[in-house]
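Residues per chain are reported as follows:
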Amino acid sequence: LNAAFWEIGAKLGAYPTDDVLVMLYTEQQFRDITQAPEWASGIYDGRIKIPAAGANRSPQSFERVLTHELVHAMIATTAPRGVPAWLHEGLAQYFEGDDPQAARRRLKALGRDRIMPLGSLEGSFSRFGAAQAQVAYDEALVAVDFIMQRPGLNWPTVFRALGETDQAERTFASFG
């Protein structure tokens, strides 16, 4: 987590000063306490909550989940409001190392009629079933990968601007 914290902070230009709490649970405790969808492998709700069994089964996957949830924690403490779910999830996937090209291929295979507008992905993805969640996550990753290709984007300014409005699409348009 420490290494990921510094890498994420460097790219986002923000280092939250609040402690990030991590709660480890058994799989059953995680499901009972969080009420997270079956497809979720961790959540951030002010604390990172993940099932600890993954640490033994697949340390690399466990690290990816920790990194994913750490991104949510860092965004939430830097920008407590206004950041749409698609940006949260896209950045979390980007930093955990998901492959945007694979996401593009999956979306292309679905066809345009199954793609959701980003504006419909501003609320929590937990409302989706597994298949729809995969589409939402893929769209979020592709969008963030596109944004990350833009050199010199000032993330603290973007987060501040998002916090001052409820129109994410318009905010991003103002940044080109």
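Placed above this text is the structure.
Heads up: these notes are all about the structure in this document. Everything quoted here is computed from the prediction, not taken from an experiment.

**Re the pattern of salt bridges**
Under the definition given, this model contains seven salt bridges. With a closest N to O distance of 3.4 Å, Arg64 and Glu96 form a salt bridge. Of the two residues, Arg64 is situated in helix α4 (residues 59–78) and Glu96 in helix α5 (residues 85–96); the sequence distance between them amounts to 32 residues. Assessed through its relative accessible area of 28%, Arg64 is described here as partly exposed. A cluster of three or more residues bridged by salt bridges with shared partners is formed by Glu27, Arg31 and Glu38.

**Description of α4**
For α4, with 20 residues, the first-to-last C-alpha span of 28 Å sits near the 28 Å given by 1.5 Å per residue. Among all positions of α4, only Phe62, Val65, Leu66, Thr67, His68, Glu69, Leu70, Val71, His72, Ala73, Met74 and Ile75 are buried.

**Quick look at the packing of helix α1 (residues 2–12) against α4**
The contact between α1 and α4 brings their axes to 10 Å, and the two run at 50°. Relative to α4, α1 is oriented oblique. Two packed elements cross with a definite hand, and for α1 against α4 that hand is right-handed. Residues Ala4, Phe5, Ile8, Gly9 and Leu12 of α1 pack against Thr67, Leu70, Val71, Met74 and Ile75 of α4. Classifying every residue of the contact of α1 with α4 gives eight nonpolar, two polar and no charged.

**Side note on the side chain of His72**
Here His72 is to be found in helix α4. The exposure class assigned to His72 is buried, which follows from its relative accessible area of 7%. Excluding anything up to four places from it in sequence, His72 contacts Tyr44, His88, Glu89 and Ala92.

Basis of the calculations
- Residues numbered from 1 in each chain as written.
- Predicted model: local features only at pLDDT ≥ 70, side-chain atom pairs only at ≥ 80, totals over all residues.
- Heavy atoms only, no water.
- Salt bridge = Lys/Arg side-chain N within 4 Å of Asp/Glu carboxyl O.
- Helix = DSSP H or I, 4+ residues; strand = E, 2+ residues; numbered from the N terminus.
- Buried < 20%, exposed > 50% of the residue type's maximum accessible area, 1.4 Å probe, protein only.
- Expected span 1.5 Å × (residues − 1).
- Axes fitted to C-alpha atoms, helices over the stretch in contact; angles between N-to-C directions.
- Parallel < 35°, antiparallel > 145°, perpendicular 65-115°, else oblique.
- Left-handed = near helix turned anticlockwise from the far one by under 90°.
- Contact = heavy atoms within 4.5 Å.
- Nonpolar A, V, L, I, M, F, W, Y, C, P; charged D, E, K, R; others polar.

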